[in-house]
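Results of the structural survey
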Amino acid sequence: MALFLTLDNVSKLYNIDPSKKMEGIVVLHQQNRPEKEYTAHSRLFDGLLLGFMIKGSIKAQIHFLEYEINAGDIAVLQPRLMIDTKSLSKNAEIVTIGLSLDFIAAFPILHEFVMNNQIRWQPVVRLQDEEVILKNQLVELIQNFYHKGQSPRKAEMLRHLVIALMYMISEAYSGLTDNNSLVKSHTHEIIDDFYVLISKYATQQRSVKFYAEKLHLTPQYLSTFLKQKTGKSVLQWVDHATILHAKTLLKSSGLSIKQISNELNFGETSLFCRFFKRITGVSPGSFRNGQYF
C-alpha cells in the first residue's frame, strides 16, 4: 500500500484529535499490536520526517535501498522520499515527527537537511551513547508539549524543542564519514534521476526505453541496474508510482473513480480498476471506503 501524506490529511488518516492539530508539525506514537494484522505499505510525506525507534526494529526500503532500523536509531527522511515498510518486530515502537515545508523554510538548519545529499543516502543515524538519554528525554518532552492543552506560546515552545533536537541530529551527521562516496555517487545519481522521472511521467509513460533514453542509458542497462540495486524492475517502479498517485487521489480528493482513471491516463475505468486490484489486492472503491493506507 502507498499513500502521499500531508499535514492536512495525516490527522484524518491517523485519527489525531483535531484539538491537537498544529500548524507545521505532527507527532505520532505508534506501536505494533498483536491484535492488528500488519500489512506492508509505503508512505511519501510532503515535508521532513524524523522517526525515532523506541523499541524493536523495522525493515524498510528508503528511497529504493534497504535498511534495518533498530531501537535507538533515528531515521531522517527528506521531503517526498518513499519509505516502504517491509516488516516490524513484535515489540516495534516508534515516535514520528513530521515537519511541513513551511516549518522547514523558517529555519536554516532544516533547509540544510532538505538539501543534504549525505542524509538522503544515509537516512539512518545513531547518536553517541552519552546523548541517547538526552535525545529520549527531548523526544518525550516534545510529545508531551504536542499533546498538552492549547496556550498562547505552545507552538513557539514546541518549535524551539524541535530545533534543539535537530541540532543534536546534525552533530551526529557531522561526525560521520562516507568512505564509499566516490564509488556510490554514480549509483545515487541514476537512482535520484530515475525517481524524478517516474514522479513526473509514471502516469503517462510505461516504456523502459523512454526512461533509459532520458537517463542516456540503454534499456538493458537500466533494467539490470534497478533490479540489482533496488530489487524492483523499471515497470514495477512505474506501477509503484502510479499506485501512489491513485491512492492519494482516492483518499484526498472528491474525484470519482472514472475521473481518477482519466487523470491517470487509463482511458477505460475498467482497466484502471483491474490494474489497481492487481497491485493492491482491493478495488479502488474498497480502498477509498475502507481503513486502507
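Residues numbered from 1 in each chain as written. Predicted model: local features only at pLDDT ≥ 70, side-chain atom pairs only at ≥ 80, totals over all residues. Heavy atoms only, no water.

**Re the overall build of the protein**
For clarity, the cut-off: Comment: elements are numbered from the N terminus, with helices defined as DSSP H or I runs of at least four residues and strands as E runs of at least two. Per-residue accessibility, obtained with a 1.4 Å probe over protein chains only, is compared with the maximum for each type, and a residue is labelled buried under 20%, exposed over 50%, and partly exposed between these values. Contact criterion: two residues are considered in contact whenever any of their non-hydrogen atoms come within 4.5 Å of each other. In these tables, accessible area is a Shrake-Rupley quantity obtained with a 1.4 Å probe, and a residue counts as shielded only by the protein chains included in the view.
Along the backbone of the protein there are 13 helices and ten strands. Sorting the 293 residues of the protein into buried and exposed places 48% on the buried side. Look at the contacts in the protein between residues 6 or more apart in sequence, and 72% of them connect residues 24 or more apart. Of the accessible surface of the protein, which amounts to about 15200 Å², a share of 52% is contributed by carbon and sulfur atoms.

**Side note on the environment of Asn265**
Test applied: Between N or O atoms, a polar contact is any pair within 3.5 Å; within protein, one atom must be a potential hydrogen donor and the other a potential acceptor, and residues adjacent in sequence are included only when both atoms are from side chains.
Following the sequence through the fold, Asn265 ends up in the loop between helix H11 (257–263) and helix H12 (269–280). Taking C-alpha positions, Asn265 is 9.6 Å from Gln205, a pair spaced 60 residues apart along the chain. A distance of 3.1 Å separates the side chain of Asn265 from the backbone oxygen of Thr203, its partner in a polar contact.

**Description of the side chain of Lys232**
Convention followed: When charges are counted, neither His nor the chain ends are considered; positive counts come from Lys and Arg and negative counts from Asp and Glu. Whenever Lys or Arg places a side-chain nitrogen within 4 Å of a carboxyl oxygen from Asp or Glu, that contact is recorded as a salt bridge.
Mapped onto the elements of the fold, Lys232 is located in the loop between helix H9 (219–230) and helix H10 (234–252). Buried charge Lys232 goes without a salt bridge, the closest partner of opposite sign being Asp84 at 4.7 Å.

**Thoughts on unusual backbone geometry**
Notably, His63 is not glycine yet its phi reads approximately 50 degrees, a positive angle. Phi is positive for Phe64, close to 85 degrees, though the residue is something other than glycine. Relative to the assigned elements, Phe64 resides in the loop between strand S5 (57–62) and strand S6 (65–70).

**Section: the side chain of Thr187**
Relative to the assigned elements, Thr187 resides in helix H7 (residues 181–201). Its relative accessible area of 17% is what places Thr187 among the buried residues.

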